[in-house]
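One letter stands for each residue in the lines below.
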Amino acid sequence: MGDYVVVLEAPIIVRDVETSEDAINVAVSKVAKALNKEKLDFVRVEIGYSQCPVCGAHFESAFVIGSVGLVGMYLTIKVYNAQTIEHAERIAKAVIGKALKKVPLKVYEIRELTEEEEGDGVELD
């Protein structure tokens, strides 16, 4: 049994926004509200970053076209007592997917939990 930190990528679509900052604010609020409704306040929400293919610079993954925004977000969850890395991935997707229905979730990173990172998360008995 292992303990893991699972980071999932999620694309969040928001409507009626004018700027990328507006899109980010609405997306974070939307995701936080959905997670809090399911009592998943231990999931860390962060804005995703993209890399410019030309210059290599990183920038926030928020794009607005015609008052519709697409915001890339990272959702981080700690999974305890998972049998394998794949099991930790399935647990994370199931837990977060319960709150964010119809949002495709893709694994960005999975790593073993270190002692200083221990705290809130999902534990299987």
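Residues numbered from 1 in each chain as written. Predicted model: local features only at pLDDT ≥ 70, side-chain atom pairs only at ≥ 80, totals over all residues. Heavy atoms only, no water.

Our focus in this paragraph is the overall build of the chain. When helices and strands are counted, the chain shows two helices and eight strands. For the chain, the succession of helices and strands along the chain, N to C, is β-α-β-β-β-β-β-α-β-β. Based on the C-alpha atoms only, the size of the chain along its principal axes is roughly 50 × 35 × 25 Å. In the chain, which comprises 125 residues, the share counted as buried stands at 35%. Within the chain, counting contacts between residues at least 6 apart in sequence, those at least 24 apart form 75% of the total. (Helix = DSSP H or I, 4+ residues; strand = E, 2+ residues; numbered from the N terminus. Buried < 20%, exposed > 50% of the residue type's maximum accessible area, 1.4 Å probe, protein only. Contact = heavy atoms within 4.5 Å.)

Moving on: the environment of Ala92. Relative to the assigned elements, Ala92 resides in helix α2 (residues 85–99). Distance from Ala92 to Gly56, taken between C-alpha atoms, is 31 Å for residues 36 residues apart in sequence.

Before going further, it helps to examine the nonpolar core. Considering soluble globular proteins, one finds that nonpolar side chains tend to be buried as a cluster. Residues Val6, Ile12, Val71, Leu75, Ile77, Val79 and Ile96 are the most contacted members of the largest nonpolar core, which totals 32 residues. Of all the elements in the fold, those that place two or more residues in this core are β1 (2–15), α1 (20–37), β6 (68–82) and α2. Sequence-distant contacts of Val6, that is, excluding residues within four places in its chain, are made with Leu75, Thr76, Ile77, Val79, Ala88, Ala92, Glu109 and Ile110. (Core = buried A, V, L, I, M, F, W, Y, C linked by side-chain atoms within 4.5 Å.)

Below, the discussion takes up α1. An α-helical segment advances 3.6 residues per turn. Residues three or four places apart therefore align on the same side. With 18 residues, α1 should reach 26 Å at 1.5 Å per residue; the first-to-last C-alpha distance of 26 Å fits that figure. By the burial criterion, the buried members of α1 are Ala23, Ile24, Ala27, Val31, Ala34 and Leu35. For α1, the angular spread of the buried residues around the axis is 110°, confining them to a single face. In this structure, α1 carries Asn25, Lys33 and Lys37 as exposed residues pointing more than 90 degrees from its buried face. The inward-facing, buried residues of α1 abut β1, β2 (44–47), β4 (58–60), β5 (62–65), β6 and α2. (Expected span 1.5 Å × (residues − 1). Arc of directions from axis to C-beta.)

Moving on, we get to the packing of aromatic side chains. Taken as a whole and judged by the stated rule, the model has two aromatic pairs. A centroid spacing of 6.1 Å and a plane angle of 85° characterise the contact between Phe59 and Phe63, whose relative ring orientation is edge-to-face. Take Phe63: its relative accessible area is 40%, and that puts it in the partly exposed class. For the ring pair Tyr74 and Tyr108, a centre distance of 4.5 Å and an interplane angle of 35° mean the geometry is tilted. You can see Tyr74 sitting in strand β6 and its partner Tyr108 sitting in strand β7 (residues 106–112), a full 34 residues away along the chain. Since its relative accessible area comes to 11%, Tyr74 is described here as buried. (Phe/Tyr/Trp six-rings, centres within 6.5 Å; stacked < 30°, edge-to-face > 60°.)

To continue, consider the environment of Glu115. Its place among the elements puts Glu115 in the loop between β7 and β8 (122–123). A C-alpha to C-alpha distance of 23 Å links Glu115 and Lys93, two positions 22 residues apart in sequence.

The next point concerns unusual backbone geometry. Residue Asn81 is not a glycine yet carries a positive backbone phi of 60°. Positionally, Asn81 belongs in strand β6. Look at Lys102: it is not a glycine, yet its phi comes out positive at around 65°. If you trace the backbone, Lys102 turns up in the loop between α2 and β7. Among the residues examined, Lys102 registers a relative accessible area of 86% and is labelled exposed.

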